Amino acid sequence: MARATFGFHVNGSEFDLIHVRNHENCLSLDFTHSKAAGESSRFMDDLQALNHEVGFDKVRVHRDTSPEEIKDFVKQRFEYQLKSSGLDDISLYMDRFDALYEQGKMEHLLPTANQKHIVEDVPFTEWENPYIDTKSQTMGREETELALSSISLRTIFIYLIRQGCTDCLLSGSWSESCCRECLSNALCGS
């Protein structure tokens, strides 16, 4: 499966912005960690233009698990341990799970810090969006080739990832025709 990544360089800060996977444009929120990007009205205008011209299908969101998700995680691990121990009937133990959990007797089954961090792709329309004005976006966007004529960036990066190998297709000055050709060749397998 081929993937393409569209990266930006803003005032000395580089980050991924769009990942194309399974013919869906996924907005990466890496730019939210860049002070330079957040303070650049030019970048925010370019982000708006990308949404208008190319569109985003999903957003890659990083979040921490909720208390309910942590409890479900512990319950699943507890049930797995009971079943793995060879007990014939685990229902008595499972019935007592809530009480044991509330007493703090399940701490050894709590998720690690890495397990508490969740990365998920959320549909763009369901994402709580503080960055992009979607009111002006037209509904029913058709699939289109990359149309970024109004992007005012000077340097962009486009990567293609196939079978674990990463190739930089373009790293340099912005050129719409060059960008179109690189992405078209990459996504069509040329």
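For the structure, see preceding data.
Residues numbered from 1 in each chain as written. Predicted model: local features only at pLDDT ≥ 70, side-chain atom pairs only at ≥ 80, totals over all residues. Heavy atoms only, no water.

Undergrad: Quick question: what am I supposed to make of the overall build of the chain here?
TA: A tally of regular secondary structure across the chain gives seven helices and seven strands. Buried residues in the chain amount to 36% of all 190 residues. Within the chain, contacts between residues at least 6 apart in sequence are counted, and of these 66% link residues at least 24 apart. Working note: accessible area of the chain is about 11800 Å², and carbon and sulfur atoms make up 47% of it. (Helix = DSSP H or I, 4+ residues; strand = E, 2+ residues; numbered from the N terminus. Buried < 20%, exposed > 50% of the residue type's maximum accessible area, 1.4 Å probe, protein only. Contact = heavy atoms within 4.5 Å. Areas by Shrake-Rupley, 256 points an atom, 1.4 Å probe, with all protein chains shown as cover.)

Undergrad: Would you explain the packing of aromatic side chains in this entry?
TA: Aromatic rings in a pair are described by how distant their centres are and how their planes are angled relative to each other. Tallying each qualifying case throughout the model produces eleven aromatic pairs. Following the ring pairs from residue to residue traces out a cluster consisting of Phe 6, Phe 8, Phe 15, Phe 31, Phe 43, Phe 56, Phe 124, Trp 127 and Tyr 131. (Phe/Tyr/Trp six-rings, centres within 6.5 Å; stacked < 30°, edge-to-face > 60°.)

Undergrad: How should I be thinking about the pattern of salt bridges in this particular structure?
TA: Pairing between side chains of opposite charge can happen when their charged atoms approach one another. One pass over the structure, following the stated rule, counts seven salt bridges. A salt bridge links Asp 121 to Arg 60, with the shortest nitrogen-to-oxygen separation between them at 2.8 Å. Linking Asp 121 in strand β5 (residues 117-123) with Arg 60 in strand β4 (residues 58-64), this pair joins segments that are 61 residues apart in sequence. Between Lys 71 and Glu 102 there is a salt bridge, and its shortest N-O distance comes to 3.7 Å. (Salt bridge = Lys/Arg side-chain N within 4 Å of Asp/Glu carboxyl O.)

Undergrad: Any chance you could explain the side chain of Ser 28 here in plain terms?
TA: Within the fold, Ser 28 resides in strand β3 (residues 24-28). Among the polar contacts listed, one links the side chain of Ser 28 to the side chain of Asp 30, at a separation of 3.2 Å. The contact partners of Ser 28, leaving out residues within four places of it in the chain, are Asp 16, Leu 17 and His 19. (Polar contact = N/O pair within 3.5 Å; in protein donor to acceptor, adjacent residues only side chain to side chain.)

Undergrad: Looking at this structure, I do not really get the pairing of β4. What am I missing?
TA: Look at any regular strand and the pattern is simple: side chains alternate between the two faces of the sheet. Pairing geometry for β3 and β4, over three bridges, is parallel. When the bridges of β4 are listed, Cys 26 appears paired with Lys 58. Of the strand pairs in this sheet, β4 and β5 are connected by seven bridges, and their pairing is antiparallel. By the bridge assignment for β5, Arg 63 is matched with Ile 118. (Pairing = 2+ DSSP bridges.)

Undergrad: How should I be thinking about helix α2 (residues 41-53) in this particular structure?
TA: Because an α-helix packs 3.6 residues into every turn, residues spaced three or four apart end up facing the same way. With 13 residues, α2 extends 18 Å between its outermost C-alpha atoms, agreeing within 8% with the 18 Å of an ideal straight helix rising 1.5 Å per residue. Within α2 the residues assigned to the buried category are Phe 43, Asp 46, Leu 47, Ala 49, Leu 50, Asn 51 and Glu 53. Phi turns positive one or two residues past the end of α2, at Gly 55, with a value near 85°. (Expected span 1.5 Å × (residues − 1).)

Undergrad: Even after reading the chapter, I still don't get unusual backbone geometry, so can you show me in this structure?
TA: Phi is mostly negative for residues that are not glycine, and the peptide bonds are mostly trans. A positive phi angle is found at Asn 11, which is not glycine, with a value near 45°. Overall, the relative accessible area of 65% leaves Asn 11 in the exposed class.

Undergrad: What should I look at first to understand the pairing of strand β2 (residues 13-21) in this one?
TA: Among the nine residues that make up β2, seven are buried, leaving the element largely enclosed by the rest of the structure. Across four bridges, β2 lies against β3 in antiparallel orientation. Across the sheet, Arg 21 pairs through a bridge with Glu 24, a residue of β3. Connecting β2 to the antiparallel partner β3 that follows it, the hairpin turn spans two residues, and Asn 22 within it adopts a positive phi of roughly 55°.

Undergrad: Is there a simple way to think about the nonpolar core in this case?
TA: Judged by nonpolar contacts, the single largest core of 23 residues is most densely connected at Leu 17, Leu 27, Phe 31 and Phe 43. Looking at this core, the elements with two or more residues in it are β1 (2-10), β2, α2 and β4. In contact with Leu 17, other than residues within four places in its own chain, are Phe 6, Gly 7, Phe 8, Cys 26, Leu 27, Ser 28, Phe 31, Phe 43, Leu 47 and Leu 50. Ile 70, Leu 82, Phe 97 and Leu 109 belong to the second-largest nonpolar core, a separate cluster that totals eleven residues. (Core = buried A, V, L, I, M, F, W, Y, C linked by side-chain atoms within 4.5 Å.)

Remember that the coordinates give geometry; whether it matters functionally is a separate question.
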